[in-house]
Amino acid sequence: MSEHNELGRIGEDEALYYLALKGYTLLDRNWRKEKLELDIVAEWHGEVVFVEVKTRSNEHFAPAAEAVTLQKKRNVIAAASAYMAYHNLHNKAYSYDIITVIGTEPPFKISHIRHAYTEDEVWQQTQRHGSFEV
C-alpha cells in the first residue's frame, strides 16, 4: 500500500476512534455502490451521519476540508441516497459531516465539522457552477 493510502487509512481509523469517543455508533465503513463511496456512516442520537474523512500530513498549502470539493459533495450525496435506499432508511434524519485528520503520527489534530453542508447548498452551488452530474 502506498504511503498516501496508508496515511488515509490511519486517518479513517483515527476518525472512527474520535467518533466512538463522542458516542457515535458505526454503521458502515468504506461502503460502496459502483463508483460511489462513503468513508464512514454512523448514527448519532437517531440521525444517520455520512462522514467524509480527509487526512493530510500538513495544511501548508490549503486546509484539508477544502479537499471536499463540490464534485465530492455531489458524489457523497448520491452515495448517501443509494445507502438510504439500500437500507430502507427513507424516514430517518441524516446529515453530512467532514472530519479532517492532520499529521503523520499521533497525536493527530482532528477537526469535526458537523452539518458541513446540505443538499440544498450543494444544489445552489451547482446551479452557479454548471450541471449536476455524479
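Up top is the structure.
Note that the structure is a prediction, hence the values are computed from the model and not measured.

Peer 1: Quick question: what am I supposed to make of the pairing of strand E3 (residues 47-56) here?
Peer 2: For a regular strand, the rule is simple: side chains alternate between the two faces of the sheet. The element E3 is extensively covered by neighbouring structure, given that 9 of its 10 residues are classed as buried. One ladder, built from 5 bridges, connects strand E2 (residues 36-44) with E3; its direction is antiparallel. By the bridge assignment for E3, Trp44 is matched with Glu47. Counted along the chain from E2 to the antiparallel partner E3, the turn is 2 residues long, and its residue His45 has a positive phi close to 50 degrees. With 9 bridges joining them, E3 and strand E4 (residues 94-102) adopt parallel strand pairing. Its bridge partner lying in E4, Thr55 is registered against Val101.

Peer 1: Would you explain the environment of Met84 in this entry?
Peer 2: Following the sequence through the fold, Met84 ends up in helix H2 (residues 70-86). Judged by relative accessible area, which is 8%, Met84 ranks as buried. For the pair Met84 and Asn5, spaced 79 residues apart in the sequence, the C-alpha separation amounts to 27 Å. Those residues within four positions of Met84 in sequence are excluded, and the remaining contacts are Val48, Phe50, Leu89, His90, Lys92 and Tyr94.

Peer 1: Would you explain H2 in this entry?
Peer 2: For an α-helix, 3.6 residues make a turn, and residues three or four places apart therefore share a direction. If you check H2, its first and last C-alpha atoms are 24 Å apart, about what 17 residues at 1.5 Å a residue would give, namely 24 Å. Within H2, burial applies to Leu70, Lys73, Arg74, Val76, Ile77, Ala78, Ala79, Ala80, Ala82, Tyr83 and Met84. Each element contacted by the buried residues of H2 is listed here: strand E1 (25-33), E2, E3, E4, strand E5 (109-117) and helix H3 (119-129). Directly after H2, the chain includes Asn88, whose backbone phi takes a positive value near 55 degrees.

Rules behind the numbers
Residues numbered from 1 in each chain as written. Predicted model: local features only at pLDDT ≥ 70, side-chain atom pairs only at ≥ 80, totals over all residues. Heavy atoms only, no water. Buried < 20%, exposed > 50% of the residue type's maximum accessible area, 1.4 Å probe, protein only. Helix = DSSP H or I, 4+ residues; strand = E, 2+ residues; numbered from the N terminus. Pairing = 2+ DSSP bridges. Contact = heavy atoms within 4.5 Å. Expected span 1.5 Å × (residues − 1).

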